[in-house]
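Listed here are the chains, written in short residue letters.
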Amino acid sequence: MALDKSARQTETRNLIENLSRVEQALQNQLETLGNATSDYAAWDDTYAFAQGNNPGYVEGSITPVTFTSSQTDWLAIALDAELFLYIASFDYENEEIIPGGKEFQEAVQALPILFQFSEEQPSPQGIALISGQATLLASRPILRSDGSGLAAGTFIFGQTLDAEKISRLAASTQLSLSFYPITALPDADHTDAYKQLQSGQTSVITPLNTKAIAAYGLVLDLKNHPVMLVRIDAPRLLYQQMQLSLRYLALSLLGASTVSGFIIWRLLERSLRYLRERDRIQQALQQEAALRQSELRYREKAEELERTLQELRKTQAQLLQSEKMSGLGQLVAGIAHEINNPIGFIYGNITHARQYAHALLNLIDLYQQHIPDPPQPVQEAQASMDLPFITADLPRIFNSMRAGAERIRIIVLSLRTFSRMDEEGLKRVDIHNGIDSTLLILQHRFQTSARGSVIQVTTNYGDLPPVECYPSQINQAVLNILNNAIDALQTPQIPSGFLADSSQPLIHIQTRYLENKEGKGGKAGKEGSTDGHIQIRISNNGPPIPEDLQPRLFDPFFTTKPVGQGTGLGLAMCYQIIVETHHGILRCNSAPGHHTEFIIQIPVSQTTKRFKA
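Let us look at the structure shown here. Residue indices begin from 1 for each chain and proceed along its sequence in written order. Per-residue local features are limited, in this predicted model, to residues with pLDDT of at least 70; the limit for side-chain atom pairs, both in listing and counting, is 80 or more; totals at the level of whole chains, interfaces and linings are taken over all residues. As a convention, hydrogens and water are excluded, and side-chain values are obtained from all of the structure's heavy atoms.

### Regarding the overall build of the chain
In plain terms, the rule: Only DSSP runs of H or I with at least four residues qualify as helices, and only runs of E with at least two residues qualify as strands; both kinds are numbered from the N terminus onward. Relative accessible area decides the class of each residue, using a 1.4 Å probe on protein chains only: under 20% of the type maximum gives buried, over 50% gives exposed, and in between gives partly exposed. Surface exposure here means Shrake-Rupley accessible area, sampled with a 1.4 Å probe, where a residue is shielded only by the protein chains that are shown.
Check the secondary structure of the chain and you find 14 helices and 17 strands. Relative to its full complement of 613 residues, the chain shows a buried share of 39%. Accessible area for the chain stands at about 33900 Å²; split by element, carbon and sulfur atoms hold 55% of it.

Have a look at this one:
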């Protein structure tokens, strides 16, 4: 009986320790969730959004990675318990963010502790029952990254304790776990265990049979009320071994001498030592598994930090280029405006000056007809000024002045078209106008190449509908690609492109309209068409791009140009403009013996259809 009692006590002790391990594992998950919540709550972008100063925060900062990196299912940003700025859940199967969540909002509103921060409770976190499922919750005050100022609101992450997460919890603790809402206990055994726990017991151990035993414990919510019943099922290996040993002992006592019984007793003691050693080894293995789980979490955190670093580099490049292009656009628009006013006076008055000069020449002709012999001073002045030559040359001078003024007017118009500083937001524009304006601005660079000859530019424009886009950004992307093509043609190497047999450096631009993949595209060139997408192909017959460098072409700050000649931002900004802003495709084809070609594809409409690469 003493051995049987010892076996039962060992079973009970092990199960109570296992319940404590489950509780600690839940606390570890809450700490991980709380750390992720703190990262987003103490962020200047989040703070600006809560104050209404960052309208693009949700689209630019709340991405699928926000949920997957911390395995969260819910996200909420609130000014207080009544006013929520943003709520969303995440569909892991479709990898899609789903805005809204009335049930989640009502559940957190019923927990005012989530919105109350103090020195005693600076980081509220715990468990709540939402839609019948246990959900881990963590809330943090929204602060600036340096911690200054008053809290602008509350940031909340929620993690549903679904079957998959329970399975991972069971794997990390190496236990057979089950969780049941106290409002939906499955049978009388669970109900009886819950009643015993309510009476004050911290745990309930119930032998199921000679082969299995169960342990029950309570999971408390944020209000310290029971919310879940946890059950651990374990085999009764120690008890079975003890029962077998007792049977052997009884048989030995009945059929053998006292010495035999003593030997069996010693065997029983050895069995107990073996079982204790086995339990110790199992606990060591469980601790090792917990360490592996911690290592995995830290590795995931390191990967998340690496992704964050990449995002920061992209954002830095975007800010640098945006600031650069903002200043350039304002400068171009200002110059165009300053030139446009005086050239307008000249262009507008040339016609009148030409008419006045023509009238004066007619008047002189009348004088010559009616006064064929003018006074001597008039004849001398007429001979010295070569009046016949002036009469013939003056109209040509006015024609030349008019042509020059017209040329300046076209250049000013191209500068305004390129910068489009007078336009904001999405506009439907003629892509060809933007390309032509860009070509005109780059005209001076086409005059020389590595071999001293003029770079020939050819175009093959298709019939395109008006395209909804950010015009100045598209013009900037085309400008950057053309600049790279000119730089390639100015490299002192033999051309190896599609016109390698020609000594003439060449840039070729082709546009065309493509119907969408579902075959529902509108007709090319149809006014107001919103289906399909347009393609711009810019190729040159300069030297090819090395194959090992092509995967890095669109990386921020990557450049093959000498120091001082390249920033590594041009193609990176092209990628952001085409792929991220306009939801299109940007790729490069370059190989020895073939031309180097950049291909741009963007949807005709940004508001009604997104082109998926």
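### Observations regarding the sheet that holds strand 4 (residues 125-130)
Short version of the rule: Pairing between strands is defined by DSSP: at least two bridges between the two strands are required. With axes taken as lines fitted to C-alpha atoms, and helix axes fitted only over the stretch in contact, angles between N-to-C directions fall between 0 and 180 degrees. Should any heavy atoms of two residues lie within 4.5 Å, those residues are counted as being in contact.
One open sheet accounts for six strands, arranged 3-2-1-6-5-4; its pairing is antiparallel. The sheet is open, and its two edges are formed by strand 3 (96-99) and strand 4, each paired on a single side. Looking at each pair of strands side by side, their axes are set apart by 25 degrees on average, direction ignored. By the bridge criterion, five bridges tie strand 1 (residues 74-78) to strand 6 (residues 154-160) in an arrangement that is antiparallel. In the sheet register, A76 faces strand 6, and the bridge partner there is I156. Strands strand 1, strand 2 (84-91), strand 4, strand 5 (133-141) and strand 6 of the sheet are contacted by helix 5 (residues 102-109), whose axis makes an angle of about 125 degrees with strand 2.

### Overview of the packing of helix 12 (residues 431-441) against helix 13 (residues 471-489)
Rules: Put simply, angles under 35 degrees are roughly parallel, angles over 145 are roughly antiparallel, angles from 65 to 115 are roughly perpendicular, and the rest are oblique. A clockwise turn of the near helix away from the far one marks a right-handed crossing, whereas an anticlockwise turn of less than a right angle marks a left-handed crossing. Throughout, the ten residues Ala, Val, Leu, Ile, Met, Phe, Trp, Tyr, Cys and Pro are labelled nonpolar, Asp, Glu, Lys and Arg are labelled charged, and all others, Gly among them, are labelled polar.
Look at helix 12 against helix 13: their axes get within 10 Å of each other, and the N-to-C directions meet at 45 degrees. Judged by the angle between their axes, helix 12 and helix 13 are oblique. Both helix 12 and helix 13 take part in a crossing whose hand is right-handed. Of helix 13, the residues touching helix 12 (which contributes I431, G434, T438 and L439) are I474, N475, V478, L479 and L482. Taken together, the residues of the contact of helix 12 with helix 13 sort by class into six nonpolar, three polar and no charged.

### What to know about the packing of aromatic side chains
Definition in use: Two aromatic rings from Phe, Tyr or Trp, using only the six-membered ring of Trp, form a pair when their centres are within 6.5 Å; if the ring planes differ by under 30 degrees the pair is stacked, by over 60 it is edge-to-face, and anything between is tilted.
Considering all chains together, one arrives at ten aromatic pairs under this definition. Relative to F104, the ring of W74 has its centre 4.9 Å away and its plane inclined at 0 degrees; by these criteria the two rings are stacked. Remark: F104 occurs in helix 5 and W74 occurs in strand 1; sequence separation between them is 30 residues. Look at F104 and you get buried, because its relative accessible area is 0%. With a centroid separation of 5.2 Å and an interplanar angle of 85 degrees, the aromatic rings of F155 and F157 are classed as edge-to-face. Judged by its relative accessible area of 0%, F155 is buried. Among the aromatic residues, ring-to-ring pairing joins Y40, W43, F49, Y57, F155 and F157 into one connected group.

### Some words on a nonpolar patch on the surface
The condition that has to hold: A patch consists of residues exposed above 30% relative accessible area that lack any salt bridge, with like charges linked at up to 9 Å and nonpolar side chains (Val, Leu, Ile, Met, Phe, Trp, Tyr) linked at up to 5 Å. Basic side-chain nitrogens of Lys or Arg form a salt bridge, by our definition, when they fall within 4 Å of a carboxyl oxygen of Asp or Glu.
Residues L360, L363, L366, Y367 and I371 make up a contiguous nonpolar surface patch of roughly 490 Å² in combined accessible area. You can see I371 is positioned in the loop between helix 9 (258-370) and helix 10 (376-385). Judged by its relative accessible area of 40%, I371 falls in the partly exposed class.

### Re the side chain of N541
This is how the line gets drawn: Any pair of nitrogen or oxygen atoms within 3.5 Å is treated as a polar contact; in protein, a donor-acceptor pairing is required on top of that, and neighbouring residues in sequence qualify only through side-chain atoms on both sides.
With respect to the helices and strands, the residue N541 is situated in the loop between strand 15 (533-540) and helix 14 (570-581). Classification of N541 as buried rests on a relative accessible area of 0%. At a separation of 2.9 Å, a polar atom in the side chain of N541 contacts the main-chain amide nitrogen of L506.

### A closer look at the packing of helix 13 against helix 14
The contact between helix 13 and helix 14 brings their axes to 9 Å, and the two run at 140 degrees. Taken as a pair, helix 13 and helix 14 cross one another with a handedness that is left-handed. On helix 14, the residues touching Q473, I474, Q476, A477, N480, I481 and N484 of helix 13 are G570, L571, M573, C574, I577, I578 and T581. The class makeup of the residues in the contact of helix 13 with helix 14 is eight nonpolar, six polar and no charged.

### Remarks on the sheet that holds strand 7 (residues 176-181)
Taken together, four strands build an open sheet; the order of strands is 7-10-9-8 and the sheet is antiparallel. In the strand order of this sheet, the two ends are held by strand 7 and strand 8 (204-207), each with one partner. Each strand of the sheet is rotated relative to its neighbour by a mean of 25 degrees, with strand direction disregarded. Examined bridge by bridge, strand 8 and strand 9 (residues 212-220) share four bridges and lie antiparallel to one another. Across the sheet, V204 pairs through a bridge with Y216, a residue of strand 9. Each of strand 7, strand 8, strand 9 and strand 10 (226-235) touches helix 7 (residues 188-198); the most contacted strand, strand 9, lies at about 55 degrees to it.

### Quick notes on the pairing of strand 16 (residues 585-589)
Bridging between strand 16 and strand 17 (residues 596-603) involves five bridges; their strand directions are antiparallel. Bridging from a neighbouring strand, C588 pairs with F598 of strand 17. Adjacent in sequence and paired antiparallel, strand 16 and strand 17 are bridged by six residues, among which G593 carries a positive phi angle near 85 degrees.

### Details of the pattern of salt bridges
In the structure shown here, the tally under the stated rule is eleven salt bridges. We note a salt bridge from K301 to D39, for which the minimum N-O separation is 2.9 Å. With a gap of 262 residues between them, K301 in helix 9 and D39 in helix 1 (residues 2-41) connect regions that are remote in the sequence. When its relative accessible area of 30% is taken as the criterion, K301 is described as partly exposed.

### A closer look at the nonpolar core
Formally: By nonpolar core we mean a set of buried residues, namely Ala, Val, Leu, Ile, Met, Phe, Trp, Tyr and Cys, connected to one another through side-chain atoms within 4.5 Å.
Membership of the largest hydrophobic core comes to 45 residues, with the highest contact counts inside it found for L75, F155, L177, F179, V219 and I232. If you tally residues by element for this core, the top one is helix 1, at ten residues. In contact with L177, other than residues within four places in its own chain, are V22, I166, L169, A170, R231 and I232. Of all hydrophobic cores here, the second largest spans 38 residues; its members include I455, I507, C588 and I600.

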